[in-house]
Amino acid sequence: MIQSSLTETNAAQARALDLLRNGRRFLLCGHVRPDGDCLGAQAALARVLTAMGKDVWIQNTDAPEPRFDYLARDVKFGVYQGGDLPRHDVSVLLDFCELSRTGSMEPALAAHASKKLVIDHHVAPGVPWWDEAYVDVRASATGILVRRIAAQLGVPLDVAAARGVFTSIVTDTGWFKYSNTDAETLAAAAEMTALGVVPNVVYAALHQRQPLGHPPALARAIERLEYHADGRLAVVDIPLGPVDSGALDTDEVLDILRAVERVEVVLLLREMPAGGVKLSARSKGDFDVHALARQFGGGGHKKASGATVLGTTMADFRARLVAATLAALGETAATGAGPRSGGTNQAGGGARNGG
Ligand SMILES: [Mn+2]
């Protein structure tokens, strides 16, 4: 089973491999605010293509967070400054498939004559617009797909590529604790370790370099917890201001809320400095947060999805989102009540009301 996913391809994946073999100059693009899977997959694919003698540029709208410095030592993560893109004949989108998620690079990428290749493990919304795609929605991380691609191209991974794949895996599986962790994931992690990745060093780099403000920011975020539907739904909204969300590891907030036995769905909302509200939705059981996020123009996976909603206020979006979630849970929201009152159990003795 593990071997077969490493060697077997479907027709679309075979065409994607041909494009990687035949292309000469590659531009690897990530989504805005690239996460560990996106950056890890970019790093790994950059090393693989470089080993094949290709010219490779990585370019994202946003610079990697400092915790990814250990990846940036081996590959250069370019930041798009506007204007012309590097000369290239294949653009590769890793860990997403919507051109709009490249942020400010979108117009330049859309106008460029390059072939567009998507390497992704998300459920694709809408009509396919790309030239080729290497997609498997069952893969736990995009980095897993890059490992498969390297094997299928016959290119061994070096330790820098292995660090990328390992980073992808641990980011998207929450260090092997989410339901997407499968045998291929663990086999890949073992292989990357054999190639020289030191797991505890990666863990320390990613998770033990928080600023002094992190625990207080975490505490203030958790204080905003509100339960609905007898605790089946946990909601935290973080407005601009009171919580320094720059100092906050939101995955940690989501993990803490999911640890509550009754909680089935967690919704984390953040007011964004540039406007709009960003949603991170997680499910612990059968609840489909992908279907929920789709209602608000987002996407992702069944148990982990997100959306960024522009032109709304936190209160308005939150009310619509909670109502949609309660409906999907088969719960009826209390009528005639604001989002913070009826049908809501205040957490922490109503700590919420003070803020
Ligand atoms: Mn991913």
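Residues numbered from 1 in each chain as written. Predicted model: local features only at pLDDT ≥ 70, side-chain atom pairs only at ≥ 80, totals over all residues. Heavy atoms only, no water.

## Topic: the domain arrangement of the chain
Stage number 1. Here the chain is partitioned into domain 1 (2–207) and domain 2 (214–342).
Stage number 2. For domain 1 and domain 2, the distance between their C-alpha centroids amounts to 28 Å.
Stage number 3. If you look at the interface, domain 1 gives nine residues, while domain 2 gives 11 residues.
Stage number 4. Summed over both sides, the interface between domain 1 and domain 2 buries roughly 800 Å², with carbon and sulfur atoms accounting for 44% of that surface.
Stage number 5. The largest share of the area that domain 1 buries against domain 2 comes from Arg33, Val123 and Tyr178, three residues that together contribute 43% of it.
Stage number 6. Seen at the junction of domain 1 and domain 2, the total is one salt bridge.
Stage number 7. A salt bridge links Asp255 to Lys177, with the nearest nitrogen and oxygen atoms 3.4 Å apart. (Domains from an automatic or database assignment. Contact = heavy atoms within 4.5 Å. Buried area = accessible area lost by both parts, 1.4 Å probe. Salt bridge = Lys/Arg side-chain N within 4 Å of Asp/Glu carboxyl O.)

## A word on the state of the cysteines
Stage number 1. Applying the stated criterion across every chain, the model contains zero disulfides.
Stage number 2. Not engaged in a disulfide, the cysteine Cys29 finds its nearest cysteine sulfur in Cys38; these two sulfurs lie 9.4 Å apart.
Stage number 3. Take Cys38: its relative accessible area is 0%, and that puts it in the buried class. (Disulfide = S-S within 2.5 Å. Buried < 20%, exposed > 50% of the residue type's maximum accessible area, 1.4 Å probe, protein only.)

## Here's the deal with the pattern of salt bridges
Stage number 1. Tallying each qualifying case throughout the model produces 21 salt bridges.
Stage number 2. Among the ionic pairs, Asp237 bridges to Arg318, the shortest N-O distance being 3.2 Å. Of this pair, Asp237 sits in strand 8 (residues 233–238) while Arg318 sits in helix 13 (residues 314–328); the two residues are 81 residues apart in sequence, bridging distant segments of the chain.
Stage number 3. On the accessibility criterion, Arg318 (0% relative accessible area) is buried. (Helix = DSSP H or I, 4+ residues; strand = E, 2+ residues; numbered from the N terminus.)

## Structural notes on the packing of aromatic side chains
Each aromatic ring pair is summarised here by two numbers: the centre-to-centre distance and the angle between the ring planes.
Stage number 1. All told, the structure shown has five aromatic pairs when counted by the stated rule.
Stage number 2. Ring geometry for Trp175 and Phe176: centres 6.4 Å apart, planes at 90°, overall edge-to-face.
Stage number 3. Seen from their ring centres, Phe296 and Phe317 are 5.3 Å apart, and the 75° between their planes marks the pair as edge-to-face. With a gap of 21 residues between them, Phe296 in the loop between helix 12 (289–294) and strand 11 (299–300) and Phe317 in helix 13 connect regions that are remote in the sequence.
Stage number 4. Phe317 gets classed as buried once you look at its relative accessible area, which sits at 0%.
Stage number 5. In this structure an aromatic cluster arises from ring pairing among Phe166, Trp175, Phe176 and Tyr203. (Phe/Tyr/Trp six-rings, centres within 6.5 Å; stacked < 30°, edge-to-face > 60°.)

## Re the coordination of the manganese ion
Reference values for angles at a metal are 109.5 degrees in the four-donor tetrahedral case and 90 or 180 degrees in the six-donor octahedral case.
Stage number 1. Donor atoms from the polypeptide that bind the manganese ion are Asp37 (OD), Asp95 (OD), His121 (NE2) and Asp172 (OD), placed at 2.1 to 2.3 Å.
Stage number 2. In the primary sequence, the donor residues of the manganese ion line up as D-x57-D-x25-H-x50-D. On the criterion of sequence distance, the pair formed by His121 in the loop between strand 5 (115–120) and strand 6 (132–135) and Asp172 in helix 7 (residues 159–173) is long-range, its members being 51 residues apart. (Donors = N, O, S within 2.8 Å, 3.2 Å for Na, K, Ca; no water.)

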